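# Examination of the molecular architecture
Chain residues, written in single-letter form:
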Amino acid sequence: MSHKRKRITLVAIIGLVLVAVGLTWFQLNRSTKTSTTQLPLTETQIKKNLASKKVTTRADQQKSATATYQKATRNRRYSLANPYIKVNPYGTSPLTALVIFRTSQAAKVSYTVVGKSAKTSITNTVNGGYQTTHQVPIVGLYANTTNAVRLTVTLKSGEVIKKTIQLKTGALPKYVKSATVTVSKSDKTKMSIGNNKLTIIDRTTKEPFAIDADGTVRWYSTNYSQHTIEQWTGGHIMMLTKKKQSSDVYNDLIETDYLGRVYREYTFSGSTSSTDGGTETTVIHHDLIELPNHNLLATVSDGSKYKEDTMVEISHKTGKIVTVIDLKKLLPKSMWSAFKAGSDGKIDWFHQNSIEYDKTDNSILISGRNQDMIMKIDYATKKIKWIYSGKKKASWPKAYRKLILTPTSGTTITGGQHGLTLLADLTRNASSENIMLYDNNTAVTNGDKSTSGKYSQAVKYHIDTTKMTITQTWAYGKSLGKTNFTNIIGYAEEESNGNVLIDFGMKKNGQESNVIEVDKNGNQVFNATIKNASAKAYAYRAYRVAFYNNNYQFDANKN
């Protein structure tokens, strides 16, 4: 090749390289510019990023088992004397069983799982009235035990027939067994436990489980769950789980029952690439509620460089997103645009950890840990109704100042709070609202720095929306001091008898979780410590729940 041709070739190569570099620079700058101008993202982009859909994967896997139970309901040889019995009927709930039998006369059935001490028996009546075919969902068995279960069959004639069956269960799995539960206080006469209530330990990861008043595990699911176990229509529960235990991604949402039968299932893409090149692993992160139309309202990340500041309403029929609420569009830009990114490169400026629906005015109450803020939003108009935080009213833009609640004397400023719930208002005054939350009392941005880190507590507030004031009416936790301080997670729940169940979720820097039930006067009636730091599966929330409630009925012949 001549020197001239070599020079031409070299020049051509250099030119191509420069063009390639230029195109790359243009694309990068274009992407950055697009990312900046497109924040907040459009609803269309968020829907695309999350890619939610309804699937039938688990229900299809359970078809064979359900078909077996359907055949049992038609088999006349299964009688009270010789019932069909299946422990762990769907393979994911080992401390439950399904019992099927027929009677010649219409009858109703109840059962009791015999407890090992006073007030630990679980008693339920099968819903559905008098029938001749009986499908009895048994819950509340002991692990690694031959359980005595007493069946009581009451005929329409009034005759009562009783039979005791024995149900053998296996040992607890590693991550449930290692979550050692120690009960230091258990006043069963004053606890809100009724005939069938257990305390669900809703963990940050691993298997969720439920304990009785002795602290003994009486239910667990082999489905790993993250943060989300919510009570649903028909006595079902909604759980955020994952396809494989080895996966880091929790992107499967299942409507199930305590026996493990799956009724509905939704999944998310888990690959929410945005204009910033970011990805999400778990789309739903902290909370989920059921709206009156049975759709789901969930806390999510939108797929941009910002996270945990968006809510989506998901159709229970199709699994598609029908509504998006991006808090970046509701709150001042100064609150989110200048917030620093975390170690994951994401900007967690709000960190929404709670949603509560108020049917009285079609609104939602939400909590944002990283702004030390709670607020109420009109769900129809998506406009803010009120805001409470330690951020001084004068520091808000003028348009927001009329929305800020003013605390009365002695009212706590929350810090890093969790678990905002709406309480009953017996006055029936439209301007009167009562709420409760778990105040971690850690000043993230607007909390009370003078008390931050000294204690955590459950707090009740009264809100007067005419005067736009907020007043603290009850609290428990301050007397426990720094021993029960929890920098993250926690929950408080009012029980049917007026007691309050409090989850000090990450006590002693995560070495243990402490669940305490107190009466109206702050007297402890239950105190359980769960040591499970090795599994990194803290008690994110604790719920006192009936196993099962009056809305639940198992029927293998119906979806």
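The rules behind each value
- Residues numbered from 1 in each chain as written.
- Predicted model: local features only at pLDDT ≥ 70, side-chain atom pairs only at ≥ 80, totals over all residues.
- Heavy atoms only, no water.
- Pairing = 2+ DSSP bridges.
- Helix = DSSP H or I, 4+ residues; strand = E, 2+ residues; numbered from the N terminus.
- Axes fitted to C-alpha atoms, helices over the stretch in contact; angles between N-to-C directions.
- pLDDT = per-residue confidence, 0-100.
- Contact = heavy atoms within 4.5 Å.
- Expected span 1.5 Å × (residues − 1).
- Buried < 20%, exposed > 50% of the residue type's maximum accessible area, 1.4 Å probe, protein only.
- Arc of directions from axis to C-beta.
- Core = buried A, V, L, I, M, F, W, Y, C linked by side-chain atoms within 4.5 Å.

In this section: the sheet that holds strand E32 (residues 524–531). As summarised here, the arrangement of the five strands in space is E8-E32-E31-E30-E29, forming an open sheet in which the pairing is antiparallel. Each edge of the open sheet is held by one strand with a lone partner, namely strand E8 (180–186) and strand E29 (491–494). Going from strand to strand, the sheet's axes swing by 10° on average, the running direction of each strand aside. For E8 and E32, the ladder comprises six bridges, and the chain directions are antiparallel. Within E32, the position partnered with Lys 185 by the bridge is Asn 527.

Chain-level statistics for the chain give a pLDDT mean of 91 and a share of 91% at 70 or above. Predicted confidence for residues 1–37 stays below pLDDT 50, and this span has five contacts to residues more than four positions away or in other chains. Every residue in residues 271–280 scores below 50 in pLDDT, and together they form 34 contacts with partners more than four places removed in sequence or on other chains.

Taking 1.5 Å per residue as the helical rise, helix H4 (residues 63–74) with its twelve residues ought to reach 16 Å, and the 17 Å between its terminal C-alpha atoms agrees with that figure. Burial in H4 covers these residues: Thr 66, Tyr 69, Ala 72 and Thr 73. Along the long axis of H4, the arc covered by the buried residues comes to 115°, so they all point the same way. Turned more than 90 degrees off the buried face of H4, the exposed positions are Lys 63, Ser 64, Lys 71 and Arg 74. Buried residues belonging to H4 abut strand E2 (84–87), strand E3 (96–113) and strand E5 (131–139).

The next thing to look at is the environment of Tyr 84. By the element assignment, Tyr 84 lies in strand E2. Sequence spacing of Tyr 84 and Ala 72 is twelve residues, and the spatial spacing of their C-alpha atoms is 6.9 Å. Dropping the residues within four chain positions of it, Tyr 84 is found in contact with Thr 68, Tyr 69, Ala 72, Tyr 78, Leu 98, Val 99 and Ile 100.

Turning our attention to the nonpolar core. Judged by nonpolar contacts, the single largest core of 67 residues is most densely connected at Tyr 111, Ile 138, Phe 209 and Phe 547. Of the residues forming this core, the biggest block, nine residues, is contributed by E3. Beyond its immediate stretch of four places on either side in the chain, Tyr 111 contacts Ile 122, Thr 123, Asn 124, Val 136, Pro 137, Ile 138, Val 139, Val 149, Arg 150, Leu 151 and Tyr 548. One finds Met 238, Leu 240, Ile 377 and Ile 387 within the second-largest nonpolar core, a separate group that totals 50 residues.

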